[in-house]
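Below, each chain spelled out in residue letters.
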There are 2 protein chains.
Amino acid sequence: MFKPARHGEVGGVSLQRSQQQKPLRSHDRFNLCAEMSHKIVNLRVRDVRFPTSLEQHGSDAMHTDPDYSAAYVVLDTDSGLKGFGLTFTLGKGTEIVLCAVKALAGLVIGKSLQEIVSNFRGFYRLLTSDGQMRWLGPEKGVIHLATAAVLNAVWDLWARAEGKPLWKLLVDMDPKQIVSCIDFRYITDVLTEEEALDILVKAQEGKKQREDQMLKEGYPAYTTSCAWLGYSDQQLKQLCSDALKSGWTRFKVKVGADLEDDIRRCRLIRKMIGPSSTLMIDANQRWDVAEAISWVSRLAEVKPLWIEEPTSPDDILGHAAISKALAPLGIGVATGEQCHNRVMFKQFLQASALQFVQIDSCRLGSVNENLAVLLMAYKFQVPVCPHAGGVGLCELVQHLILFDYICVSADLRNRMCEYVDHLHEHFTSPVVIQDAHYMPPKDPGYSCEMLEESVNRHEYPEGDIWKQEIKK
Amino acid sequence: MFKPARHGEVGGVSLQRSQQQKPLRSHDRFNLCAEMSHKIVNLRVRDVRFPTSLEQHGSDAMHTDPDYSAAYVVLDTDSGLKGFGLTFTLGKGTEIVLCAVKALAGLVIGKSLQEIVSNFRGFYRLLTSDGQMRWLGPEKGVIHLATAAVLNAVWDLWARAEGKPLWKLLVDMDPKQIVSCIDFRYITDVLTEEEALDILVKAQEGKKQREDQMLKEGYPAYTTSCAWLGYSDQQLKQLCSDALKSGWTRFKVKVGADLEDDIRRCRLIRKMIGPSSTLMIDANQRWDVAEAISWVSRLAEVKPLWIEEPTSPDDILGHAAISKALAPLGIGVATGEQCHNRVMFKQFLQASALQFVQIDSCRLGSVNENLAVLLMAYKFQVPVCPHAGGVGLCELVQHLILFDYICVSADLRNRMCEYVDHLHEHFTSPVVIQDAHYMPPKDPGYSCEMLEESVNRHEYPEGDIWKQEIKK
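This is a predicted model, so every value here is computed, not measured.

Asker: Quick question: what am I supposed to make of the overall build of chain A here?
Answerer: Across its full length, chain A holds 19 helices and 12 strands. Along the first, second and third principal axes, the C-alpha atoms of chain A reach 65 × 55 × 45 Å. Burial analysis of chain A (472 residues in total) assigns 65% to the buried set. Working note: accessible area of chain A is about 15,400 Å², and carbon and sulfur atoms make up 51% of it. Each charge class in chain A was averaged separately, 53 positive and 60 negative side chains, and the resulting centres sit 3 Å apart.

Asker: Looking at this model, I keep getting lost on the UniProt feature "domain: Mandelate racemase/muconate lactonizing enzyme C-terminal" (unreviewed entry) in chain A. Mind explaining?
Answerer: With numbering aligned to this structure, UniProt lists the feature "domain: Mandelate racemase/muconate lactonizing enzyme C-terminal" (unreviewed entry) at residues 233-329 of chain A. As annotated, residues 233-329 of chain A has a helix share of 51% and a strand share of 13%, and its two end C-alpha atoms lie 27 Å apart.

Asker: How do you make sense of the sheet that holds strand E1 (residues 40-49) of chain A when you look at a structure like this?
Answerer: Pairing between the strands of a sheet is mediated by backbone hydrogen bonds and can be parallel or antiparallel. All names here are of chain A. Read across the open sheet, the three strands follow the order E1-E2-E3; overall the sheet is antiparallel. Looking at strand neighbours, the two that pair on one side only are E1 and strand E3 (82-89), the edges of this open sheet. The sheet shows a mean angle of 15° between the axes of neighbouring strands, taken without regard to direction. As paired strands, E1 and strand E2 (residues 69-77) are joined by nine bridges and run antiparallel to one another. Looking at E2, one finds that isoleucine 40 is bridged to threonine 77. Contacts from helix H3 (residues 94-105) reach E1, E2 and E3, with the element oriented near 175° to E1.

Asker: For this particular structure, what's the right way to read the relation of the copies chain B and chain A?
Answerer: The operation linking the two copies of the chain is a rotation about an axis combined with a translation along the axis. Once chain B is rotated about the relating axis by 180° and shifted along it by 0.0 Å, it coincides with chain A to within an RMSD of 0.0 Å. The relationship between the two copies is best expressed as a two-fold rotation axis. No C-alpha of chain B approaches the rotation axis more nearly than that of B:Gly141, which lies at 2.3 Å. Comparing contact sets, 100% of the residues at the interface of chain B also lie at the interface in chain A, consistent with an isologous, same-surface contact.

Asker: For this particular structure, what's the right way to read the packing of aromatic side chains?
Answerer: The description of an aromatic ring pair uses the distance of the two centres, along with the angle that the planes make with each other. Within this structure, the stated rule accounts for 26 aromatic pairs over all chains. With 5.9 Å between their ring centres and 85° between their planes, A:Tyr419 and A:Tyr438 make a pair best called edge-to-face. Of this pair, A:Tyr419 sits in strand E10 (residues 417-419) while A:Tyr438 sits in strand E12 (residues 437-439); the two residues are 19 residues apart in sequence, bridging distant segments of the chain. A relative accessible area of 10% places A:Tyr419 in the buried class. Exposure remark for A:Tyr438: the relative accessible area of 1% places this residue in the buried category. A network of ring pairs unites the aromatic residues A:Phe120, A:Phe123, A:Trp155 and A:Trp158 as a single cluster. The residue whose ring lies beneath B:Arg185 is B:Tyr186, and the NZ or CZ to ring-centre distance is 5.9 Å. Sitting over the ring of A:Trp135, B:Arg363 keeps its end group 4.6 Å from the ring centre.

Asker: What's the story with the sheet that holds strand E3 (residues 82-89) of chain B in this structure? I'm lost.
Answerer: All names here are of chain B. An order of E1-E2-E3 is seen for the three strands of this open sheet, with the pairing classed as antiparallel. Lying at the two open borders of the sheet, with one neighbouring strand each, are strand E1 (40-49) and E3. Averaged over all pairs of adjacent strands, the angle between their axes in this sheet comes to 15°, without regard to strand direction. In the sheet, strand E2 (residues 69-77) pairs with E3 via eight bridges, with the strands oriented antiparallel.

Asker: Explain the side chain of A:Glu369 to me, please; I cannot follow it from the model alone.
Answerer: As for its placement among the helices and strands, A:Glu369 is situated in helix H16 (residues 366-380). Contact partners of A:Glu369, with chain neighbours within four places excluded, come to A:Tyr124, A:Glu139, A:His144, A:His340, A:Asn341, A:Arg342 and A:Leu364.

Asker: Would you mind showing me how to read the side chain of A:Gln398 here?
Answerer: Residues and elements named next belong to chain A. Looking at where glutamine 398 falls in the secondary structure, it is placed in helix H17 (residues 393-409). Under the relative-accessibility criterion, glutamine 398 is labelled buried at 2%. Within the structure, glutamine 398 has its side chain in polar contact with the backbone oxygen of glutamate 395 (distance 2.9 Å). With residues up to four places along the chain from it excluded, the contact list for glutamine 398 reads Val431, Tyr438, Met439, Pro441 and Ser447.

Asker: What should I look at first to understand helix H15 (residues 342-350) of chain A in this one?
Answerer: Owing to its 3.6 residues per turn, the α-helix aligns residues three or four sequence positions apart on the same side. Residues and elements named next belong to chain A. The buried count for H15 comes to eight of nine residues, which makes it a mostly enclosed element. What H15 keeps buried is the set Arg342, Val343, Met344, Phe345, Lys346, Gln347, Phe348 and Leu349. Between the side-chain oxygen of the N-cap and the backbone nitrogen of valine 343 there are 3.0 Å, and the N-cap of H15 in question is asparagine 341. Serine 352 sits one or two residues past H15 and shows a positive phi near 50°.

Asker: Would you mind going over unusual backbone geometry with me for this structure?
Answerer: In most cases, non-glycine residues show a negative phi, while peptide bonds are predominantly trans. With an omega of 0°, the peptide bond between A:Tyr460 and A:Pro461 qualifies as cis. If you trace the backbone, A:Pro461 turns up in the loop between helix H18 (452-458) and helix H19 (464-471). In this structure, the amide linkage connecting B:Gly137 to the following residue, B:Pro138, adopts the cis form with an omega of -15°. Look at A:Ser447: it is not a glycine, yet its phi comes out positive at around 65°.

Asker: Just to check I follow, could you spell out the confidence of the model for chain A for this structure?
Answerer: Any segment with low pLDDT has predicted coordinates that should not be analysed in fine detail. Averaged over every residue, the pLDDT of chain A is 92; the share at 70 or more is 92%. In this model, residues 1-34 of chain A is a region of pLDDT below 50 whose contacts with residues beyond four sequence positions or in other chains number 73 contacts.

Asker: Even after reading the chapter, I still don't get the pairing of E2(A), so can you show me in this structure?
Answerer: Moving residue by residue along a regular strand, the side chains alternate between the two faces of the sheet. Residue and element names in this part refer to chain A. With respect to burial, E2 is a largely interior element, nine of its nine residues being buried. Of the two faces of E2, the one holding Ser69, Ala71, Val73, Leu75 and Thr77 and the one holding Ala70, Tyr72, Val74 and Asp76 are both buried throughout. Hairpin geometry of E2 and E3 is characterised by an intervening segment of four residues between the two adjacent antiparallel strands and by a positive phi of about 95° at glycine 80.

Cut-off values and rules
- Residues numbered from 1 in each chain as written.
- Chains lettered and ligands numbered in written order.
- Predicted model: local features only at pLDDT ≥ 70, side-chain atom pairs only at ≥ 80, totals over all residues.
- Heavy atoms only, no water.
- Helix = DSSP H or I, 4+ residues; strand = E, 2+ residues; numbered from the N terminus.
- Buried < 20%, exposed > 50% of the residue type's maximum accessible area, 1.4 Å probe, protein only.
- Areas by Shrake-Rupley, 256 points an atom, 1.4 Å probe, with all protein chains shown as cover.
- Lys, Arg positive; Asp, Glu negative; His and termini not counted.
- Charge placed at Lys NZ, Arg CZ, Asp CG, Glu CD.
- UniProt positions renumbered as here; feature names shortened; annotations may be inferred.
- Pairing = 2+ DSSP bridges.
- Axes fitted to C-alpha atoms, helices over the stretch in contact; angles between N-to-C directions.
- Contact = heavy atoms within 4.5 Å.
- Least-squares fit on C-alpha atoms with pLDDT ≥ 70 in both.
- Phe/Tyr/Trp six-rings, centres within 6.5 Å; stacked < 30°, edge-to-face > 60°.
- Lys NZ or Arg CZ within 6 Å of the ring centre and 35° of its normal.
- Polar contact = N/O pair within 3.5 Å; in protein donor to acceptor, adjacent residues only side chain to side chain.
- pLDDT = per-residue confidence, 0-100.

Here it is, written out as structure tokens:
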């Protein structure tokens, strides 16, 4: 069963083997795992930063100069197998997340993969409900970002141990085992374990066909790469033109700094992409509630599908008011990249405060908490359109949205996954986009292992890139 | 104007001087400040932990073994004046908050007090809206706890520079200057700057009488010291008996671990304190929504005034459902010690999700953000009953609740401030309780300077206390 991923390896063999198997039942899996327990003997975490602010990549109305970064976690096991995980950050403060990861390390080191996954809900709660550390959250901010990095590495380890890409590990899992990974605390008023199980069992029908469809066609994506706020009109035009040639039909534009400028830029892009393409706009929390409504109303002429993050990510009732006001204009509200846990998503859904759920693979508590949100979104019949971009977010979240389609929603209407086209070259198994679709990854794991050389060069502050920056 | 606080000094002189002055107008204050700008030349932060878990002080249903701790900040200025601030933590993970404080230090060092307070809203936003670091919150978790520690030290510095206890600095401030300290971003749908100003201007009437009343009678308190979850029945009885003799009439009991045990303990305490005393219960987030309602309904017989933190601190709609269900039983809902910012409090108020607002001096962004919450609570006519206890929380929050009574609410009905009677001996100006009332502090500053010897002994992990603990 032990099958470490190698860079560039296409895991066709393991995938075919998996496809021939029935979904794994609990005791099968444990028999497999019993071959080798993969005891975690060390946890390393590194501060990796890319100087993206130099070229305004990633710039928006609230984050004008991000340096896309990651707290990058490597788990070493006694078997030699490694697990790689990360959480995404914007530069400054990444060292705080590292400090938090180190504080969690004691809860991880010494445990075997088998021990963790045989009671994954318990392990999730161990990390998130420590009697002393939960005061720092609970389940929010730095400590939850650190939890995500650690758990992402555990999931990567698990998928590698099974010789499968993470999405396939999830797809092959027994519904009972899926729900056993979820902490239902604080969400049972909306979704009980029984309801979750029921949703998953019903979605078993047609699973094989949907998996085949994904392997053939991929999952639909949209691009955010054409219209960062810091780009010139000339850049916008060139990038839109290039994207159209590559088959993109869904485009997101950053707005919120200046209304007249937004109108001009959105008109320009709508003109470039034509009436049949999809346009979304993203304000990155720039406005108060009333301002959001009036500003977005002025942009209705370019027919955006959604306005993303119109106000504070904590303001459920504010988003509900904005949703209600914009519904007659045919504009939905999307949010989630800074929605910090399942309790917040629960309420956004309860309050009809969003029409598009933007899960994040590093803000929420890894796969465990994302599973809860996917299932709640299904219950409310709200489409999930994940947040991606940054560093490694595309690599990670593609696994979750594939699982969502194959095993939960069985629906592609109004669904698409964000894509941003930089920094993928630093990963050992970068995303594969074909004709504006995410093609299912085939390498074992969760796709967020970085090239050792990239990590070394970009480690802050000692890597060559930063030594050069500091010299300037 | 420069008047450093000395331990044990009773600031009677400065207080009398202040009382003779009219409320300071903006230009008056700047003239005063102009005497000396108090440029911040250094920021030090220390990890101070008290081994309270050894005796189960502070134990509750979710935090079974807290070591009350603080990230303790000292600001050094070029004038020699110092500012002391802290944020409260529960032990493990305090080092993460230290790391966050250090990340913020660069935004503080080099600025003068005058520069900060002449645009305090701008400075608040500088700390909370850094384009790279806001990703780690925004305004929540570790980064916001660190912001609170730093800003608490700035407010302490300001009060010392003016030679006044912080509450008196606030009480003497012009309403326009008060609102200039508040960041109204994301709350203008509930409270605009103009409305806030209007509330403060109207409350000028009778201010002097209320200040005199507070100086004479103090602010009503309740005690949490009698009934931590880890205490034996014998301890409960003894502590209740002692508290009654000292004049306490309001008692809070920790619940949520075991229903039958809660019934027994609450009956015991209700019997001890009699029907005319006030009893509150506190579950520290133990339940889901339905469980909270059924559990608390079983405890209705002991007539609790409120149930505190029945569920996740993030669950506004859950608290609203619980409030609605318990209203017919005459039980209110209280929450706030883990309510992480003004946007959350805004929604708790909008949704009628709480009947008692429990502000926290270290969870919210210091005085600045607490002012916003006090004013919103007034607008909704919901009483404020601050969270205290921990380390230094009583010392800090007494200033805020005095300001609330004197300058905002002008009302004591259903209002009281939490009190816990340990760890005060480590402060240079510990709280003074008389007949179960907080007596207004008189020393200049925000009352959270700790004794140097206490800090040295309890510093983690190098202090003597911890060296001994580690040896065990």
